[in-house]
Amino acid sequence: MAVYKVNFLAHLLVLGMFLLVSTDVKGCTKECGNLGYGICPRSEGSPENPICTNCCSGYKGCNYYSANGTFICEGQSDPKNPKGCPRNCDAKIAYSKCSRSKGKTIIYPTGCTTCCTGYKGCYYFDIDGKFVCEGESIEPKGCTQECDPRVAYMTCPSSGLAKLNQVCVNCCTAGEGCKLYDHDGSLLCTGEPQSYISAA
Ligand SMILES: *[C@@H]1O[C@H](CO)[C@@H](O)[C@H](O)[C@H]1NC(C)=O
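As the structure is a prediction and not an experimental result, all values here were calculated from the model.

S.K.: How should I be thinking about the sheet that holds strand 11 (residues 187–190) in this particular structure?
M.R.: Taken together, the four strands give an open sheet; going across it, the order is 9-8-10-11, and neighbouring strands pair in antiparallel fashion. Every other strand in the sheet has two partners, leaving strand 9 (163–165) and strand 11 as the edge strands with one partner each. Pairwise comparison of adjacent strand axes, ignoring direction, gives a mean angle of 25° for this sheet. Sheet topology places strand 10 (residues 179–181) next to strand 11; three bridges connect them, and they run antiparallel. Within the sheet, the bridge partner assigned to Leu180 lies in strand 11 and is Cys189.

S.K.: Looking at this structure, I do not really get the site of the ligand. What am I missing?
M.R.: Ser66, Asn68, Thr70 and Lys92 make up every residue found near the ligand. Interatomic distance of 3.4 Å between a side-chain N/O atom of Ser66 and an oxygen atom of the ligand.

S.K.: Which parts of the structure should I look at to understand the sheet that holds strand 3 (residues 71–74)?
M.R.: Strand pairing within a sheet occurs via backbone hydrogen bonds; the two strands may be parallel or antiparallel. Across the sheet, three strands lie side by side as 3-2-4; this open sheet has antiparallel pairing. Unpaired on one side and paired on the other, strand 3 and strand 4 (95–97) mark the two borders of the sheet. Averaged over all neighbouring strand pairs, the angle between strand axes comes to 30°, with direction disregarded. With three bridges joining them, strand 2 (residues 63–65) and strand 4 adopt antiparallel strand pairing. Across the sheet, Tyr65 pairs through a bridge with Tyr95, a residue of strand 4.

S.K.: How should I be thinking about the environment of Lys120 in this particular structure?
M.R.: Inspection of the secondary structure assignment puts Lys120 in the loop between strand 5 (106–107) and strand 6 (123–125). The exposure class of Lys120 is partly exposed, given its relative accessible area of 41%. Beyond its immediate stretch of four places on either side in the chain, Lys120 contacts Arg100, Glu134, Gly135, Glu136, Ser137 and Ile138. Here Glu136 takes part through its backbone oxygen, which lies 3.3 Å from a polar atom of the side chain of Lys120.

S.K.: Is there a simple way to think about the confidence of the model for the protein in this case?
M.R.: Fine structural detail should not be taken from predicted coordinates in areas where pLDDT scores are low. With 84% of its residues at a pLDDT of 70 or more, the protein has an overall mean of 84. No element of the protein has a lower mean pLDDT than helix 1 (residues 2–23), at 44, and none a higher one than strand 3, at 98. Low pLDDT, under 50, characterises residues 8–25; the stretch is placed with one contact to residues that sit more than four places away or in other chains. Scored below 50 in pLDDT, residues 195–200 shows 16 contacts in the model against residues more than four places distant or in partner chains.

S.K.: What is the right way to look at the state of the cysteines in this model?
M.R.: By definition, a disulfide is the covalent link that joins the sulfur atoms of two cysteine residues. With the rule as written, the count across this model stands at 11 disulfides. There is a disulfide in this structure between Cys55 and Cys73, and the S-S distance comes to 2.0 Å. Torsion about the S-S bond of the Cys55 and Cys73 cystine: about -100°, corresponding to left-handed handedness. You can see Cys55 sitting in the loop between strand 1 (37–39) and strand 2 and its partner Cys73 sitting in strand 3, a full 18 residues away along the chain. In this model, Cys147 is linked to Cys168 through a disulfide, with the two sulfur atoms separated by 2.0 Å. Disulfide Cys147-Cys168: torsion about the S-S bond near -90°, hence left-handed. With a gap of 21 residues between them, Cys147 in the loop between strand 7 (131–134) and strand 8 (153–155) and Cys168 in the loop between strand 9 and strand 10 connect regions that are remote in the sequence. With a relative accessible area of 45%, Cys168 lands in the partly exposed category.

S.K.: What's the story with the pattern of salt bridges in this structure? I'm lost.
M.R.: A complete count under the given rule lists four salt bridges for this structure. The shortest N-O distance in the salt bridge between Glu139 and Arg100 comes to 2.3 Å. Placement of the pair is Glu139 in the loop between strand 7 and strand 8 and Arg100 in the loop between strand 4 and strand 5, with a sequence separation of 39 residues. As far as the burial class goes, Glu139 and Arg100 line up, both buried. Residue Asp148 pairs with Arg150 through a salt bridge whose shortest N-O separation is 2.7 Å.

Each value, and the rule that gives it
Residues numbered from 1 in each chain as written. Predicted model: local features only at pLDDT ≥ 70, side-chain atom pairs only at ≥ 80, totals over all residues. Heavy atoms only, no water. Pairing = 2+ DSSP bridges. Helix = DSSP H or I, 4+ residues; strand = E, 2+ residues; numbered from the N terminus. Axes fitted to C-alpha atoms, helices over the stretch in contact; angles between N-to-C directions. Near = heavy atom within 4 Å. Polar contact = N/O pair within 3.5 Å; in protein donor to acceptor, adjacent residues only side chain to side chain. Buried < 20%, exposed > 50% of the residue type's maximum accessible area, 1.4 Å probe, protein only. Contact = heavy atoms within 4.5 Å. pLDDT = per-residue confidence, 0-100. Disulfide = S-S within 2.5 Å. Salt bridge = Lys/Arg side-chain N within 4 Å of Asp/Glu carboxyl O.

Structure below.
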């Protein structure tokens, strides 16, 4: 009986710990941060809507391309400690590819964001422009769950690249490396890693 009781308590304890962990992933306080701005290097621009930057101001971890898709350079600026770079637009650069897509690269103002609620891969600065911290929270993937009617089938690395028909996915919800094809068999898009976000 005694053994049974200990076992039961141990189970409760484990369950309690699990609930604590799962319900309160990041115990952020509800206070507002007093941050000036944030930098979240993200893919920006397109051949039609080129960005204004240069290799010096571009961020490390982001690659910069010309309108014809030629690789120009990797950015040289550490987002935690942006360099004093000339502000000219390099006419060769049209768009960037960073590990995260969509959303604003420079967040200003930051609202109530704190270091705890801020996102990993985003760097926060005080009102005077001094680096404060990298965010600690995982950014939720802001996908709608709609089925993209253009998708005829997809292939995913996890299913050995077999054709998966009648799937309800869109380019945002597609798993990493999954390729979505339309009814003509043309590639629509490739799923991005789930931790890379589109907060549209
Ligand atoms: C692509 O663009 C770059 C930069 O503008 C240029 O140097 C290069 O010659 C172009 N390549 C082609 C194939 O058009």
